[in-house]
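# Structural overview
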Amino acid sequence: LNGVLTALAGQFQHERGQRVALVFGASGTLTRQIQDGAPFDAFLAADEEFPDQLAAAGLTRDPGVVYAVGRLALFVPSGSPLKADAQLEGLAALLKAGGVTRFAIANPEVAPYGKAAEAVLRKRGLWDGIRPRLVLGDSVAQATQFATSGNAVGGLIAYSLVLTPAVAKQGTSVLIDAADHPPLRQKMVLLKRAGATAAQFYAYLQTPAARATFRNHGFAVPQ
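What you see is a predicted model; the values in this text were computed from it and never measured.

Conventions used here
Residues numbered from 1 in each chain as written. Predicted model: local features only at pLDDT ≥ 70, side-chain atom pairs only at ≥ 80, totals over all residues. Heavy atoms only, no water. Pairing = 2+ DSSP bridges. Helix = DSSP H or I, 4+ residues; strand = E, 2+ residues; numbered from the N terminus. Axes fitted to C-alpha atoms, helices over the stretch in contact; angles between N-to-C directions. Buried < 20%, exposed > 50% of the residue type's maximum accessible area, 1.4 Å probe, protein only. Arc of directions from axis to C-beta.

For the rest of this paragraph, the subject is the sheet that holds strand β6 (residues 154-158). Spatially, the 5 strands line up as an open sheet ordered β5-β4-β6-β3-β7, and their pairing is mixed. Each of the sheet's edge strands pairs with one partner strand only, and the pair in question is β5 (134-137) and β7 (171-175). The mean angle between the axes of side-by-side strands here comes to 25 degrees, regardless of whether they run parallel or antiparallel. For strand β3 (residues 72-77) and β6, the ladder comprises 4 bridges, and the chain directions are antiparallel. Paired with Ala73 across the strands is Ile157, a residue of β6.

Turning next to helix α10 (residues 196-204). Among all positions in α10, only Ala198, Phe201, Tyr202 and Tyr204 are buried. Looking straight down α10, one finds that the buried residues subtend no more than 160 degrees of arc, so they occupy a single side.

Here the focus is the sheet that holds strand β2 (residues 65-70). Strand order in the open sheet formed by 3 strands is β1-β8-β2, and the pairing between neighbours is antiparallel. Both outer strands of the open sheet, β1 (42-44) and β2, are each paired with one neighbouring strand and no more. Across the sheet, the axes of successive neighbouring strands diverge by a mean angle of 15 degrees, strand direction being ignored. In this sheet, strand β8 (residues 184-190) lies alongside β2 in antiparallel orientation, the contact comprising 5 bridges. Paired with Gly70 across the bridge in β8 is Leu184.

Rendered as structure tokens:
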């Protein structure tokens, strides 16, 4: 969400004259912080499960809203021996040849994009072989840093991050078929302590203008 949410916060400030402060992190980590009393007003997760946990615990004003649907991409940094293809045939061949040194994904235990990446690797029969070579980011943003560092042959990361200029100039990418992993339906909730500005931003994220921005940054939007 780094790129798109920063853009949306800017739009909101320009149109409404109100500023929101953004804090980024892995969905699981932020969930634990909220459960421990962290002073957040709203929570935008990369899945539905973590907001549902907060709602079930009575920490939210509402059951939540799906604001976007994430997509996964295979990113290959410049100079890597890996060939980028949506079926991961290049990764399978490179792994068989012993050419995969490190491969980046988000940690499946705390990051929904990591769970999606694991599902793709399992579907292609690569999970067991590549697992010892995985470098895990605490969030998909950190996994992207690993994938672009040159120390990894590539990574399965968020399509929204692949589209940012800073990442796009560092390699090539291919969009993974959405059918290859469980849908990354991303839900947000308004927390009980939310003030007026947070509530207005929460509502703004559901407007047609905000949904257009989500699409421009590589997300699908709920129908």
